[in-house]
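A structural walkthrough
Now for the letters of each chain:
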Amino acid sequence: MGALTRGRYLVLTGVLLLVSCTVSVISKGATGDAHSDSLPSAQGTLPHFIQEPEDAYIVKSNPIKLRCRATPALQIFFKCNGEWVHQNEHFSHEYKDLNTGLKVREVMINVSRQQVEDFHGPEDYWCLCVAWSHLGTSKSRKATVRIAYLRKNFEQDPQGKEVPINGMIVLHCRPPEGVPMAEVEWLKNEEILSSQTDENIDTRADHNLIINEARLSDSGNYTCLASNIVARRRSTTATVIVFVNGGWSLWTEWSACNVPCGRGVQKRSRTCTNPAPLNGGAFCEGMSVQKITCNALCPIDGGWDEWSDWTACSSQCERQRTRECNSPTPRHRGKMCDGNSEATENCTDGLCTQSMDSSNDVALYSGLGAGIIAVAILVVAVMLYRKNHNEYGVDVIDSSALAGGFQSFNFKTTRQGNPLLLNSAMQPDLTVGRAYSTPLCFQDGTDKELFDPLPDIKVKVQSTFMVSLGVAERAEFHAKAPAETFPRDLGRDCCTLDRRKKGLLTLNGPLSASPEQRRINGVFGRPGGRLVVPNTGVSLLVPHGAVAENMSWEMYMVINQGEASDQMLEGCEILLGPEVTYGPPGLDLFSPVAMTIAHCAEVDAENWSIQLKRKTQDSKWEEVMSVEEESTSCYCLMDSSCCHLLLDQPGSYALVGEPLTQAAVKRLKLAVFGSTEAGSLSYSLRVYCVDDTPHAFQGVVAAENSRGGQLLEEPKMLPFRANTFSLQVSIQDVPQFLWSIKPFTTCQEFSFPQVWCSNQRPLHCAFSLERYSPATGQLSCKISVRQVKGHEQILQVYTAVAETEKESVPFFMQTDCTITSQTGPRAFKIPLSIRQRICATFDTANAKGKDWQLLAQKLHLDRNLGYFAKQRSPSAVILSLWEARHQDTADLDSLASALEEIGKIHSKSPPPRDQDDPERVVSSNHIQAGGVCVTDTLTNRNTHDSAADDTG
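This one's a predicted model, so the numbers in the text were calculated from it and none came from an experiment. (Residues numbered from 1 in each chain as written. Predicted model: local features only at pLDDT ≥ 70, side-chain atom pairs only at ≥ 80, totals over all residues. Heavy atoms only, no water.)

1. Considering helix α10 (residues 832-842)
Among all positions of α10, only I834, R835, I838, C839, T841 and F842 are buried. All buried residues of α10 lie within an arc of 165° about the axis, which places them on one face of the element. (Buried < 20%, exposed > 50% of the residue type's maximum accessible area, 1.4 Å probe, protein only. Helix = DSSP H or I, 4+ residues; strand = E, 2+ residues; numbered from the N terminus. Arc of directions from axis to C-beta.)

2. Observations concerning the pattern of salt bridges
If you walk through the whole model with that rule in mind, you get 22 salt bridges. Two residues, R526 and E549, come together in a salt bridge whose shortest N-O distance is 3.1 Å. Placement of the pair is R526 in the loop between β27 (518-524) and β28 (529-533) and E549 in the loop between β29 (538-542) and β30 (553-560), with a sequence separation of 23 residues. Residues joined in a network through salt bridges with shared partners are D198, R215 and D218. (Salt bridge = Lys/Arg side-chain N within 4 Å of Asp/Glu carboxyl O.)

3. A closer look at the packing of α10 against helix α13 (residues 874-885)
With their axes 8 Å apart at the nearest point, α10 and α13 run at an angle of 135° to one another. One element, α10, and the other, α13, form an angle in the oblique class. The handedness of the crossing between α10 and α13 comes out as right-handed. Seen from α10, the contacting residues are R835, I838, C839 and F842; seen from α13, they are S875, A876, L879 and S880. In terms of residue class, the contact of α10 with α13 is made up of five nonpolar, two polar and one charged. (Axes fitted to C-alpha atoms, helices over the stretch in contact; angles between N-to-C directions. Parallel < 35°, antiparallel > 145°, perpendicular 65-115°, else oblique. Left-handed = near helix turned anticlockwise from the far one by under 90°. Contact = heavy atoms within 4.5 Å. Nonpolar A, V, L, I, M, F, W, Y, C, P; charged D, E, K, R; others polar.)

4. Digging into the packing of aromatic side chains
Across all of its chains, the model carries 14 aromatic pairs by this definition. Considering the side-chain rings of Y635 and F868, the 5.0 Å spacing of their centres and the 40° angle between planes classify their relative orientation as tilted. Highlighted residues: Y635 in strand β36 (residues 635-638) and F868 in helix α12 (residues 865-869), separated in sequence by 233 residues. This pair shows no difference in class: Y635 is buried, exactly as F868 is. (Phe/Tyr/Trp six-rings, centres within 6.5 Å; stacked < 30°, edge-to-face > 60°.)

5. Considering the state of the cysteines
Evaluation of the coordinates by the stated rule reveals eight disulfides. Linked covalently through their sulfurs, C173 and C224 form a disulfide whose S-S length is 2.0 Å. An S-S torsion of about -80° defines the bridge between C173 and C224 as left-handed. Taken together, the positions of C173 in the loop between β13 (169-171) and β14 (178-179) and C224 in strand β19 (residues 220-227) put the pair 51 residues apart, joining distant regions of the chain. The residues C173 and C224 share a single accessibility class, namely buried. (Disulfide = S-S within 2.5 Å.)

6. Describing the sheet that holds strand β1 (residues 48-51)
Here four strands make up an open sheet; going across it, the order is β1-β3-β7-β6 and the pairing antiparallel. Every interior strand has two partners, whereas the edge strands, β1 and β6 (91-96), have only one. Neighbour-to-neighbour, the strand axes of this sheet turn through a mean angle of 30°, independent of strand direction. Looking at chain direction, strand β3 (residues 64-71) and strand β7 (residues 103-111) are connected through seven bridges and run antiparallel. Within the sheet, the bridge partner assigned to K65 lies in β7 and is N110. (Pairing = 2+ DSSP bridges.)

7. Some remarks on the environment of T745
Mapped onto the elements, T745 comes out in the loop between β44 (739-740) and β45 (747-750). Through-space distance from the C-alpha of T745 to that of S768 is 9.4 Å; in sequence the pair is 23 residues apart.

8. Comments concerning unusual backbone geometry
Cis geometry is found at the peptide bond from S327 to P328, where omega equals 0°. By the element assignment, P328 lies in the loop between β24 (318-322) and β25 (342-346). Note the cis peptide between G583 and P584, where omega equals 15°. Turning to its location among the elements, P584 is positioned in the loop between β32 (579-583) and β33 (593-598). Unusually for a residue other than glycine, C317 sits at a positive phi of about 65°. Within the secondary structure layout, C317 lies in the loop between β23 (289-296) and β24. Positive phi, normally seen in glycine, also occurs at D733, with a value near 55°. Structurally, D733 is set in the loop between β43 (727-732) and β44.

This is how it looks when you write it as structure tokens:
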């Protein structure tokens, strides 16, 4: 055994010497012209690696470099996948470490993508370094070389969610397969999310995004971003909507009883604002208004008790007796007893002895007292007379009488440029008015008239004195109620006199309405269209796509006027516009229609309670919604003169209002007409007071057109307040030396209930004047229309009254009034292609929250968003409402400006673009580029009035 061991030792020694020689030869061959005096090295140690090869990834076709550094080392070679790398592929050099003074050898090789792809082994491509010294060899660690890549498709994309507030949000994401493994980040609206800055967010759980408690600010567009050294990939965008279900606020206090005496009603209300529904959250369930019955204690007036017995006769020959106001005692705001509580009389039957001088003094004082009493009675009578005429706002004596009957008269011709007035260069046109944009045109046919002609009678004018004494109801109208009882006394005025006398043609009363209805119809298909009742401010817009494909509906619209329209009114409610019906009853549409109705109210939530009512199948009226409340069944937008409704169900609709305070105002339109009577010297002036809506004023025009009247002054608007005071109409400054009018016939009066509850029916009064001479051909005067303790308007009359028959001047110039329906693109301001592009952009949530809610905000339609949220296409419904609101102005600037502003806001923060993935398209560019294109198209269409088939 010992000999064998020694033999093995000798063999190993020989092998080592052979290897040493071989290494020496290789070292000389590798170094070539190596210096004979080599660098100093540490003797007696094995090679030590200062730098070992590291794992590497080949990106695309770029080779990687592997490096080794060792000391002391005579030579270093790479070995890859168990095979030596050829010496020609090595790049080596030696240098001296300045810190240690030792010789350091460094070697580098390149590994290409082709080498790695050609290797087929059980493990990854690997390389290591082997370093030699005088004492032996050392090996480095294995370094793997892999080809880097990243797939395009995510193994799992995040999905959009709708979660309630304070709920948990979990978005799952599995990145594409890749080498090295991709790292995941989360973007919200193109901004990186970090759990370090927001403790509510956790992005560490297996690439998933967890939001522990959802907040409103967490709504947005979320994207999973995966990246490695090769590329960056984006997942599909997941839209997260955090919604809030609506909650009722606390009930308000019960209102006061709506009647001063007896059984009435009290109300209280609540709103769906605690919280308000947001982002499609459910609207509150239940009633927003509660009503209960109440019993108000009626006032009890006081009554006198029996007189007491007379007292004993006093030394002054007098005795007294008393009584008390306790049968019954006044209660509950009742009146005190009228009269004296004490009485005194002489108790000696004139037998008291008096001296002669005293008798003379009594006679003197009695005469003086009688004179003073007579003067006082005269003064009181004069004061009462003047007070009576001051109440009516006019003086019995015209201002022309102050000149002693010799007032200078200078006739003024008709003012130029006013197409409404008689003798103007242009024909009169009553359609001109700043309150309406739709033309009030009429045709001459009898089928177009809504009101019967006025009867051919001469209306005599009562004096203010006769009005104050002869009209028994005047005291009721002007009975001043305590301020705290308003509006209960107003309701009593509106609901007593008034509605029993509807339709009567009295001295100061409404014109009777014709039972004939205004009806128009049209056939509509998928392109949609518009129905317009001429001269009424009423229209109906059928949006594109509301009717199913390959279907059509014959739709109609009717304006109802008469007794049936007043059946819906309760308490102190009044009709603010015409009652409108659209159908047919079985109409089935995919989107709501937009109806526009003109109204006469000065809209103010503090002074008005305005409701929309609808007629049920049993011909009863029900409240659909209050204008100030939010509803998901319909939408109501109140402008200054029109109400725009979005309706899903056909039927009859009406806008009614109830004043909440005495500051509530409804608008009246005032107009004065004149006509001469053939063969006489009389001239009639007729003054009309009508609710300020086109439909109501149309009745006045039709009536005057039938009797040949002439419009003498441009119609004016008068604000009429709900203060229970009457409306007075007076004629002033009539030239007394040319015209005669009976004394005390210069003022007439409409009671407050007549005006306030006229419900779209015109009121009128007439003044009859007579010329002294047929040569008088001119008339100038003023018509004053004023509300007691309210506003006043002056209608100035300058007209010629020649006896010769003149050619009748029509009230209206011919305009395009016969067109009642339009279908297809010509009925809309927004081209269909632009409309579809806007809907596609805003119906889905975009970066930075650019969805339909922002569109509604920029178009000033951001109220009652819950109604839009339930629609199939909220943006389409918003645009339909915009169309209805701007149907007359034809102004697309507001829409173009809104879209341009949205585009500018979005362009301030453009999202990053992936350069490594050319197939990637930044979705936000659609809004930005689309917004510019849409804006330019709308601007050009507004400027050039392009054809209906404009494609944008």
